[in-house]
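Listed here are the chains, written in short residue letters.
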Amino acid sequence: MNQPSFVYKTQIRNFLYVGRLSEEKNLKLLIDVFNSLPDLKLNIIGFGPQEEVLKKMASFNISFLGAISNDKIFHYYQSNDVFLFCLLNQSHGDWLLRRL
């Protein structure tokens with residue numbers, strides 16, 4: 001896979017979360033924030049024990065995409081503007097480096 005070329009964007013609208021949908025990931029906060037920002041789009045990839053609760057909380061601008069295979073996930077990283085995570089207890093980012 002080739003490195004995508006840099007594209008300068010004047011507007012940031014599409015955000016991506018990839019990971020387990022569980023309480024320690026603090027996704028309720030993320031959903032609360034995006035519920036109050038209807039002009040922004042949040043795409044959530046993953047599954048977990050909080051999936052149904054989070055779906056019930058989410059407004060129209062939040063999409064749950066489920067599990068995406070590793071050979072297709074790069075498309076989502078490329079087509080969104082910002083990758084988000086909102087862990088409150090992670091002291092270092094080695095888990096993030098594994099996803100790059």
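See the structure above.
Residues numbered from 1 in each chain as written. Predicted model: local features only at pLDDT ≥ 70, side-chain atom pairs only at ≥ 80, totals over all residues. Heavy atoms only, no water.

**Student:** Mind showing me how you'd approach unusual backbone geometry here?
**Tutor:** Among all residues save glycine, negative phi is the norm, and among peptide bonds the norm is trans. Even without being glycine, asparagine 26 reaches a positive phi, approximately 65°. Within the secondary structure, asparagine 26 sits in the loop between strand S1 (14-18) and helix H1 (27-35). Assessed through its relative accessible area of 18%, asparagine 26 is described here as buried. (Helix = DSSP H or I, 4+ residues; strand = E, 2+ residues; numbered from the N terminus. Buried < 20%, exposed > 50% of the residue type's maximum accessible area, 1.4 Å probe, protein only.)

**Student:** Where do I start with the packing of aromatic side chains in this structure?
**Tutor:** The geometry of two aromatic rings is summed up by the distance between their centres and the angle between their planes. Considering all chains together, one arrives at three aromatic pairs under this definition. Between phenylalanine 15 and phenylalanine 34, the aromatic rings sit 5.2 Å apart at their centres with planes inclined by 65°, giving edge-to-face as the arrangement. Separated by 19 residues along the polypeptide, phenylalanine 15 in strand S1 and phenylalanine 34 in helix H1 bring together distant segments of the chain. Residue classification places phenylalanine 34 among the buried positions, given a relative accessible area of 4%. Judged by centre distance (6.3 Å) and plane angle (40°), the ring pair of phenylalanine 83 and phenylalanine 85 falls under tilted. (Phe/Tyr/Trp six-rings, centres within 6.5 Å; stacked < 30°, edge-to-face > 60°.)

**Student:** Even after reading the chapter, I still don't get the side chain of asparagine 43, so can you show me in this structure?
**Tutor:** Secondary-structure assignment places asparagine 43 in strand S2 (residues 41-45). A residue is classified by how much of its surface remains accessible, and asparagine 43, at 11% relative accessible area, is buried. Of the polar contacts made by the side chain of asparagine 43, one reaches the side chain of asparagine 80; its length is 2.9 Å. Excluding residues that lie within four positions of it along the chain, asparagine 43 makes contacts with Phe15, Leu16, Tyr17, Ser63, Leu65 and Asn80. (Polar contact = N/O pair within 3.5 Å; in protein donor to acceptor, adjacent residues only side chain to side chain. Contact = heavy atoms within 4.5 Å.)

**Student:** Can you help me understand the pairing of S1 in this one?
**Tutor:** Along a regular strand, successive side chains alternate from one face of the sheet to the other. When you tally the buried positions in S1, you get four out of five residues, the bulk of the element. Relative to S2, S1 runs parallel, the two being bridged by five bridges. Residue pairing in the sheet places valine 18 in a bridge with isoleucine 45 of S2. A crossover connection joins S1 to the parallel S2 through H1; in handedness this β-α-β unit is right-handed. (Pairing = 2+ DSSP bridges. Right-handed = clockwise from strand over helix to strand, strands pointing away.)

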